[in-house]
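Architecture at a glance
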Amino acid sequence: MLSAFGRAFRTPDLRRKLLFTLAIITIFRLGAFIPSPGVNYQNVQQCLQNGQTAGGLYQLVNLFSGGALLQVSIFALGIMPYITASIIVQLLRVVIPRFQELYEEGASGQSKLTQYTRYLTIALGLLNATTLVSLARSGQLLPGCALPIIPDDGIITTILLIITLTAGTGLIMWMGELVTEKGVGNGMSLLIFTSIAATFPTSLGAIWSSQGPGTFFMVLVIGLVTVALVVFVEQSQRRVPVQYAKRMIGRRTVGGTSTYIPIKVNMAGVIPVIFASSMLYLPGLISQFNQPKAGEALAPWVEWINNNLTRGDHPIYMALYFAMIVFFTYFYVAITFNPEEVSDNMKKYGGFIPGIRAGKPTADYLQYVLSRITLPGALYLGFVALIPLVALVLINANQNFPFGGTSILIMVGVGLETVKQIDAQLQQRHYEGLLR
């Protein structure tokens, strides 16, 4: 493996791409520690040492920002607005026919969709920045801390802070696109990978200091088993064989080849976990806006939400979380993989599945395979997502448990994809590659 990396750095073009990617990652991590204007950095650090932070969706945002959110740095919003905008634009293809037409136009249409994603990212960044500043000013971002995060809460400071956070989101988006264009791998995915990996040393150190070496090594063993499971499932696929008939074009014979359609066990990736986390955060958010006045009793439905849907160690929360992940997995796969479109493309180029007639029977067969391969993928996603919640019950390590849920899914997926890209570039230059 080390010799393979040595060959990668000895190749001038690949070395330039790798160094450029590392430089962008370094700038990204530096921005996570630069405080935004008007923020008292000392007070923020003192509040974070108390160990009380906002939960729910903001834990997810803080994870994707590499801990920058709770420090209210210039990159506090991280890559989350871009992820949300990408998902929204992808889902709008089902609702708005124009978006689907642009997607089918090829490179020119997809560049339009990319432009819409950028505009939506800035809009969501502005909205998230306003929410973040409001939480910081009211003290709800770091509950239990009496120190002011933004001492001067004047209108000028507030506007400057919102503009800075929004500009940070735009800069992260630009850096991610630069890595995709001039570096190695998908830029946005690598920035997310960097953010999550940056939290691992702190999380493991906190487990060592609070739970002891026994729990620490148990967490490492669970982490290795989880990584092995995720790698195995992420690489698993159902290969549907496809045969192309021979055709005469002029004096040449084309076609007659055999290939396959790779249907992954986990086609939805980490999106269902993000959807389920966001949806389960909404009841708690609604209950916060329906708190009783002084002397009034708490509404029964608000009390039920506070008791059952705000704590990750509650059985009802876990059951709902698991069920929503399974539902969103089927929902997202149904949107992103269209059996009729695949069947039409195969028919157009003379392809067919052996033993299956072209046209609607092929689409029905693909739908049959897809619905059955998605079930183990959905159960796998729910199982992996529940690992940190079970860890909270067993070893009380939810806040510092790094090997579970969204983090490990993203890290393994991005790591595998990046290594494959480096390996492909090495093999193009007649080297053995990273993978053997």
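Reading the values: rules and limits
- Residues numbered from 1 in each chain as written.
- Predicted model: local features only at pLDDT ≥ 70, side-chain atom pairs only at ≥ 80, totals over all residues.
- Heavy atoms only, no water.
- UniProt positions renumbered as here; feature names shortened; annotations may be inferred.
- Buried < 20%, exposed > 50% of the residue type's maximum accessible area, 1.4 Å probe, protein only.
- Helix = DSSP H or I, 4+ residues; strand = E, 2+ residues; numbered from the N terminus.
- Arc of directions from axis to C-beta.
- Polar contact = N/O pair within 3.5 Å; in protein donor to acceptor, adjacent residues only side chain to side chain.
- Axes fitted to C-alpha atoms, helices over the stretch in contact; angles between N-to-C directions.
- Contact = heavy atoms within 4.5 Å.
- Nonpolar A, V, L, I, M, F, W, Y, C, P; charged D, E, K, R; others polar.
- Expected span 1.5 Å × (residues − 1).
- Pairing = 2+ DSSP bridges.
- Phe/Tyr/Trp six-rings, centres within 6.5 Å; stacked < 30°, edge-to-face > 60°.
- Lys NZ or Arg CZ within 6 Å of the ring centre and 35° of its normal.
- Salt bridge = Lys/Arg side-chain N within 4 Å of Asp/Glu carboxyl O.
- pLDDT = per-residue confidence, 0-100.
- Core = buried A, V, L, I, M, F, W, Y, C linked by side-chain atoms within 4.5 Å.

As recorded by an unreviewed UniProt entry, the protein chain carries the name Protein translocase subunit SecY and is attributed to Pseudarthrobacter humi. Regarding the protein chain, the UniProt comment filed under Sequence similarities (unreviewed entry) reads as follows: "Belongs to the SecY/SEC61-alpha family." Its UniProt record gives the protein chain the following Subunit (unreviewed entry) comment, quoted word for word: "Component of the Sec protein translocase complex. Heterotrimer consisting of SecY, SecE and SecG subunits. The heterotrimers can form oligomers, although 1 heterotrimer is thought to be able to translocate proteins. Interacts with the ribosome. Interacts with SecDF, and other proteins may be involved. Interacts with SecA."

1. Remarks on helix α15 (residues 339–348)
For α15, every residue scored as buried is listed here: Pro339, Ser343 and Met346. Buried residues along α15 cover an arc of 65° about the axis, so they all sit on one side. In α15, the exposed positions angled more than 90 degrees off the buried face are occupied by Glu340 and Lys348. The backbone nitrogen of Glu340 has a side-chain oxygen 3.2 Å away, supplied by the residue at the start of α15, namely Asn338. Two residues or fewer after α15 comes Gly350, characterised by a positive phi angle close to 80°.

2. Digging into the packing of helix α10 (residues 200–211) against helix α11 (residues 213–235)
For any two helices packed against each other, the geometry is given by the interaxial angle and the distance between the axes. Closest axis-to-axis distance for the α10/α11 pair is 7 Å, and the angle between their directions is 145°. Contacts from Leu204, Ile207, Trp208 and Gln211 of α10 reach α11 at Pro213, Thr215, Phe216, Phe217, Val219 and Leu220. Among the residues making up the contact of α10 with α11, the classes are represented as 8 nonpolar, 2 polar and no charged.

3. Regarding helix α14 (residues 315–336)
Across its 22 residues, α14 extends 32 Å between first and last C-alpha, which sits within 8% of the 32 Å expected from 1.5 Å per residue. Residues of α14 that are buried include every one of Tyr317, Met318, Tyr321, Met324, Ile325, Val326, Phe328, Thr329, Tyr332, Val333 and Ile335, and no others.

4. Structural notes on the side chain of Thr158
With respect to the secondary-structure elements, Thr158 resides in helix α8 (residues 155–182). Among the polar contacts listed, one links the side chain of Thr158 to the side chain of Arg137, at a separation of 3.3 Å. Contact partners of Thr158, with chain neighbours within four places excluded, come to Val133, Arg137 and Asp153.

5. Here's the deal with the sheet that holds strand β4 (residues 258–264)
Pairing is antiparallel in the open sheet, where 3 strands are placed in the order β4-β1-β5. Each edge of the open sheet carries a strand with a single partner, namely β4 and β5 (351–352). Sheet topology note: the strand β1 (residues 237–244)/β4 ladder contains 7 bridges and is antiparallel. For Gln237, the partnering residue across the bridge sits in β4 and is Lys264.

6. Some details on the packing of aromatic side chains
Applying the stated criterion across every chain, the model contains 8 aromatic pairs. Aromatic side chains Phe216 and Phe217 sit 5.4 Å apart centroid to centroid with 80° between the ring planes, which places their arrangement in the edge-to-face category. Note on Phe216: relative accessible area 15%, which makes it buried. Overall, the relative accessible area of 47% leaves Phe217 in the partly exposed class. With centroids separated by 6.2 Å and ring planes inclined at 15°, the aromatic side chains of Phe327 and Phe331 adopt a geometry described as stacked. Here the residue Phe327 and the residue Phe331 both occupy positions in helix α14, the gap between them amounting to 4 residues, near one helical turn. Residue class for Phe327 comes out exposed when judged on its relative accessible area of 53%. Linked through ring pairs, Trp208, Phe216 and Phe217 together constitute an aromatic cluster. A cation over an aromatic ring shows up here: Arg93 above the ring of Tyr103, its NZ or CZ 3.7 Å from the ring centre.

7. What about the pattern of salt bridges?
Inspection of every chain in the model, using the stated rule, returns 6 salt bridges. Here Glu101 makes a salt bridge to Arg98, at a shortest N to O gap of 3.7 Å. Of the two residues, Glu101 and Arg98 are both situated in helix α6 (residues 97–104); the distance of 3 residues between them amounts to about one turn of the helix. Between Glu105 and Arg98 there is a salt bridge, with the nearest N and O atoms lying 3.8 Å from each other. With a relative accessible area of 43%, Arg98 lands in the partly exposed category.

8. Looking at the side chain of Thr157
Topologically, Thr157 is positioned in helix α8. Look at Thr157 and you get buried, because its relative accessible area is 14%. Residues in contact with Thr157, not counting those within four places in the same chain, are Pro37, Gly38, Ile150 and Asp152.

9. Some remarks on the confidence of the model for the protein chain
Of the residues in the protein chain, 82% reach a pLDDT of 70 or more, and the chain-wide mean stands at 80. Averaged over each element, pLDDT in the protein chain is lowest for helix α4 (residues 57–64) (60) and highest for α8 (90).

10. Details of the nonpolar core
Counting residues in each nonpolar core, the largest one holds 60 residues, and the members touching the most others are Ile79, Val273, Tyr321 and Leu409. No other element matches the 10 residues that helix α16 (residues 360–395) contributes to this core. Beyond its immediate stretch of four places on either side in the chain, Val273 contacts Tyr321, Ile325, Leu381, Ala385, Thr406 and Leu409. The next biggest cluster of nonpolar side chains, apart from the first, holds 19 residues, and it includes Val44, Ala76, Leu132 and Ile150.

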